[in-house]
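# Results of the structural survey
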Amino acid sequence: MEIEKKYLNEKEVSEITGIALSTLRQSRFQRTGINYYKIGRSCKYRYDEVIAFMENRKIKTEST
């Protein structure tokens, strides 16, 4: 059984969300977007917060 990573780097977040690295960096600079943790020079994102960020932006459509 593989243990899921709790913290992700910006490249992993970019791959999961489809958000460009430059956009993630700009969002951090502007203090908007996904919450992150600064550890030395690196930025880490919690996996569950990344998923919650995406879920909060879900657009519901009408079923036909």
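On to the packing of helix H1 (residues 10–17) against helix H3 (residues 47–55). One can describe the packing of H1 onto H3 by two numbers: an axis separation of 11 Å at closest approach and a directional angle of 30°. In the crossing of H1 with H3, the sense of the turn from one axis to the other is right-handed. Seen from H1, the contacting residues are Val-13, Ile-16 and Thr-17; seen from H3, they are Tyr-47, Val-50 and Met-54.

The next thing to look at is the sheet that holds strand E3 (residues 42–46). Strands in a sheet are paired, the pairing made by backbone hydrogen bonds, and the direction either parallel or antiparallel. The sheet built from three strands is open, its strands ordered E1-E3-E2 with antiparallel pairing. Because the sheet does not close on itself, it has two edges, and the strands there are strand E1 (7–8) and strand E2 (37–39). Summarising the sheet, E1 and E3 pair through two bridges and their orientation is antiparallel. Looking at the pairing, Leu-8 lines up with Tyr-45 of E3. Here H3 sits on the sheet in contact with E1, E2 and E3, set at roughly 65° to E3.

Conventions and cut-offs
- Residues numbered from 1 in each chain as written.
- Predicted model: local features only at pLDDT ≥ 70, side-chain atom pairs only at ≥ 80, totals over all residues.
- Heavy atoms only, no water.
- Axes fitted to C-alpha atoms, helices over the stretch in contact; angles between N-to-C directions.
- Helix = DSSP H or I, 4+ residues; strand = E, 2+ residues; numbered from the N terminus.
- Left-handed = near helix turned anticlockwise from the far one by under 90°.
- Contact = heavy atoms within 4.5 Å.
- Pairing = 2+ DSSP bridges.

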